[in-house]
Structures are given as structure tokens and as C-alpha cells.
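Chain by chain, the residues:
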Amino acid sequence: MTDTRATELAARLAETRERVDAARAAAGRTDEVDLVVVTKFHPVTDVLHLARLGVRDVGENRVQEAAGKVDDLAAADAGLAAAVRWNMVGHIQSNKAAAVAGWADRVHSVDSEKVANGLERGRARAADERDGVTPLPVLLQLSLDGDTSRGGVTREDLPALADHVAGLGHLRLAGLMVVPPLSGDPAAHFADAAEVAAALRRRHPDAVEFSAGMSGDIEEAIAAGSTCVRVGTAILGPRPVV
Ligand SMILES: *Cc1c(COP(=O)(O)O)cnc(C)c1O
């Protein structure tokens, strides 16, 4: 059973890496594109398999589930756990942000000053408690259509949020993240978001990351300049319905 699952994950991971490489080649790109494997709703045994297969970046989108898996992975295999980089990609309530800063290695979904301030507080506390805590890399999540109920900051409010985050000592402004609107052409949405990412980079030259692309639109995102795709279903299969 377990062996079957490991074999299946290895095959889908290899296929996905091939998709990423083919998309980079088609776009004439020689730079790296990070692959974050989003394991939400799937058990920590899958994270173990993936880590053994060399996956470094693991993504989660629900705070409580993520915190449990971080602990379970460390208990199951401390060596592998140390090699995994936990990426928070989902919505964060501001009162949960400080706790997220305790376990996350990168956060893709900062969309308000309140969330940023909570992360800052949590990271400062973590730095007081243990050695080796570095500033937390964070990306600002852009809402392209202005419907912020799906998360994200509007393009109008983005520059002020970026300036705010850049002024926080325990966070590092790393770039922009986008989940395209459900309707419309993903390629056009990614091109639009890439322009916002370029504008952010002009204002904050170190904010070079552009997190875009999921199972269904890896190719379109990489063509538009994504530096990080977040892939769940294509590797783990359908999520269990809850
Ligand atoms: C679930 C999720 C993904 C992965 O989506 P798939 O379509 O399963 O690849 C990517 N980004 C975010 C923010 C997610 O919540």
C-alpha cells in the first residue's frame, strides 16, 4: 500500500518536473523555477514520501492542518523534517498570523498590514526563543479582479502594503503571489500579474519572486515569468472531500 503510494507520487512528481522543464524551455528561460508541492488535505505520510523523493518545498493552505503536520513530520523523521521548507499559501486570519511565523519558512499569502504585523510579532518571538531564526520571506498576494473575498490585496493598495512590509525587521519582502480569477484567460491574467510584479520589483529590487501557476496552468504561468509554481492535484491526486 505504502509502496504503491510512493511509486505513484514518484511518477507524478517526475511528470510535473518534466512539465516545468518543458515550459521553461518553451519560454526560452534558463533560470530556475521552484516547485512547491501543495499537500493540503493529504496525510503527513505523503509529505514523508515526497521529502524522500527530494522535494524541498512543501505547501499548506490551512493553518491548523499545517501546524499539526509540521509537528508530525518532525516526530516521524527529524532529519527529513530539517530538509523541508514549509510554505504557507492559503488565507491567514490576522489573529493566527503570529503562530504561522513560528513554523513557516516562506509565506505566499500576505494581503494586509494586520497579517504582516502578526507575522512580524511571531517571528520576533521565535527569534527570542531560539537561535538561527532568520527574517521570514513573504510574498504579497495580489487580487487581480479586486474581489478580495478570495484573498489578496488590490493593485491599488499593493505599493503601500509593500512599503509597510519592507519596514518590518523580522520579515523579508520576497515578491508577489497570484491566484488568477476563475473566469477569463489564465495567460492574460498571468501577464497582467507579471506587470504588477515588475512594478513591485522596481520599487523593491529584492522582491524578485513571482509565485504563479497551479496544476492546471503551469505552462501559462511559466511563460509569463513565474519563478515558483504551487502544485497539488497533479502530484497528489484529487483531494479527499471534507
Ligand atoms: C491548493 C492550492 C494550490 C494547488 O492547487 P492544485 O490545483 O491542486 O495544483 C496552489 N495554490 C494555492 C493557494 C492553493 O490553495
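Residues numbered from 1 in each chain as written. Predicted model: local features only at pLDDT ≥ 70, side-chain atom pairs only at ≥ 80, totals over all residues. Heavy atoms only, no water.

**Considering the side chain of Glu209**
For step 1, the next point in the chain: Within the element layout of this structure, Glu209 appears in strand β8 (residues 209-211).
For step 2, the next point in the chain: Residue Glu209 is classed as buried on the basis of its relative accessible area of 17%.
For step 3, the next point in the chain: The contact partners of Glu209, leaving out residues within four places of it in the chain, are Arg106, Leu139, Arg172, Ala174, Gly175, Leu176 and Thr227. (Helix = DSSP H or I, 4+ residues; strand = E, 2+ residues; numbered from the N terminus. Buried < 20%, exposed > 50% of the residue type's maximum accessible area, 1.4 Å probe, protein only. Contact = heavy atoms within 4.5 Å.)

**Focus: unusual backbone geometry**
For step 1, the next point in the chain: Even without a glycine there, the phi angle at Phe41 is positive, about 75°.
For step 2, the next point in the chain: Along the chain, Phe41 falls in the loop between β1 (34-38) and α2 (44-52).
For step 3, the next point in the chain: Judged by its relative accessible area of 24%, Phe41 falls in the partly exposed class.

**Description of helix α6 (residues 113-129)**
For step 1, the next point in the chain: The end-to-end C-alpha separation of α6 is 24 Å, in line with the 24 Å expected for 17 residues at 1.5 Å each.
For step 2, the next point in the chain: The set of residues buried in α6 consists of Val115, Ala116, Gly118, Leu119, Glu120, Gly122, Arg123 and Ala126.
For step 3, the next point in the chain: On its buried face, α6 is in contact with α5 (97-103), β4 (106-110), β5 (136-143), α7 (158-166) and β7 (171-178). (Expected span 1.5 Å × (residues − 1).)

**Let's talk about the site of the ligand**
For step 1, the next point in the chain: Taken together, Val38, Lys40, Asn61, Val89, Met214, Ser215, Arg230, Val231, Gly232, Thr233 and Arg239 make up the full set of residues adjacent to the ligand.
For step 2, the next point in the chain: When the ligand sits alone it has 390 Å² of accessible area, and the protein chains cover 88% of it.
For step 3, the next point in the chain: Here the shell around the ligand is composed, by residue class, of four nonpolar, four polar and three charged. (Near = heavy atom within 4 Å. Areas by Shrake-Rupley, 256 points an atom, 1.4 Å probe, with all protein chains shown as cover. Nonpolar A, V, L, I, M, F, W, Y, C, P; charged D, E, K, R; others polar.)

**Considerations on the packing of α2 against helix α3 (residues 63-76)**
Working note: a packed helix pair is described by the angle between its axes plus the distance between those axes.
For step 1, the next point in the chain: Running from amino to carboxyl end, α2 crosses α3 at an angle of 55°, the nearest separation of the two axes being 10 Å. In terms of orientation, α2 and α3 fall into the oblique class. Two packed elements cross with a definite hand, and for α2 against α3 that hand is right-handed. For the pair α2 and α3, the contacting residues are Val44, Val47 and Leu48 in the first and Lys69, Asp72, Leu73 and Ala76 in the second.
For step 2, the next point in the chain: Looking at side-chain class alone, the contact of α2 with α3 contains five nonpolar, no polar and two charged residues. (Axes fitted to C-alpha atoms, helices over the stretch in contact; angles between N-to-C directions. Parallel < 35°, antiparallel > 145°, perpendicular 65-115°, else oblique. Left-handed = near helix turned anticlockwise from the far one by under 90°.)

**Topic: the packing of aromatic side chains**
For step 1, the next point in the chain: Within the structure shown, the criterion is met by zero aromatic pairs.
For step 2, the next point in the chain: In this arrangement the basic side chain of Arg62 is found over the ring face of Phe41, its NZ or CZ atom lying 4.1 Å from the centre. (Phe/Tyr/Trp six-rings, centres within 6.5 Å; stacked < 30°, edge-to-face > 60°. Lys NZ or Arg CZ within 6 Å of the ring centre and 35° of its normal.)

**Quick notes on the UniProt feature "domain: Alanine racemase N-terminal" (unreviewed entry) in the protein**
For step 1, the next point in the chain: What UniProt calls "domain: Alanine racemase N-terminal" (unreviewed entry) maps, in this numbering, to residues 14-240.
For step 2, the next point in the chain: Segment residues 14-240 splits into 45% helix and 19% strand. End C-alpha atoms: 23 Å apart. (UniProt positions renumbered as here; feature names shortened; annotations may be inferred.)

**A look at the nonpolar core**
For step 1, the next point in the chain: Among the nonpolar cores identified, the biggest contains 64 residues, and Val100, Val107, Val110, Leu119, Val165 and Ile235 are the most heavily contacted of them.
For step 2, the next point in the chain: Look past the residues within four positions of Val165 in its chain and what remains in contact with it is Val110, Ala116, Val138, Leu140, Leu171 and Leu173. (Core = buried A, V, L, I, M, F, W, Y, C linked by side-chain atoms within 4.5 Å.)

**Structural notes on the pattern of salt bridges**
For step 1, the next point in the chain: By the definition in use, this model includes 16 salt bridges.
For step 2, the next point in the chain: Across the pair Arg85 and Asp57 runs a salt bridge, and its minimum N-O distance is 2.8 Å. One end of the pair, Arg85, is in strand β3 (residues 85-88); the other, Asp57, is in strand β2 (residues 57-60), and 28 residues separate them in sequence.
For step 3, the next point in the chain: Take Arg85: its relative accessible area is 23%, and that puts it in the partly exposed class.
For step 4, the next point in the chain: We note a salt bridge from Glu60 to Lys69, for which the minimum N-O separation is 2.7 Å.
For step 5, the next point in the chain: Relative accessible area serves as the criterion here: at 0%, Glu60 is assigned to the buried category.
For step 6, the next point in the chain: Judged by its relative accessible area of 6%, Lys69 is buried.
For step 7, the next point in the chain: Where salt bridges share partners, they join Asp34, Asp57, Arg85, Arg106 and Glu209 into one cluster. (Salt bridge = Lys/Arg side-chain N within 4 Å of Asp/Glu carboxyl O.)

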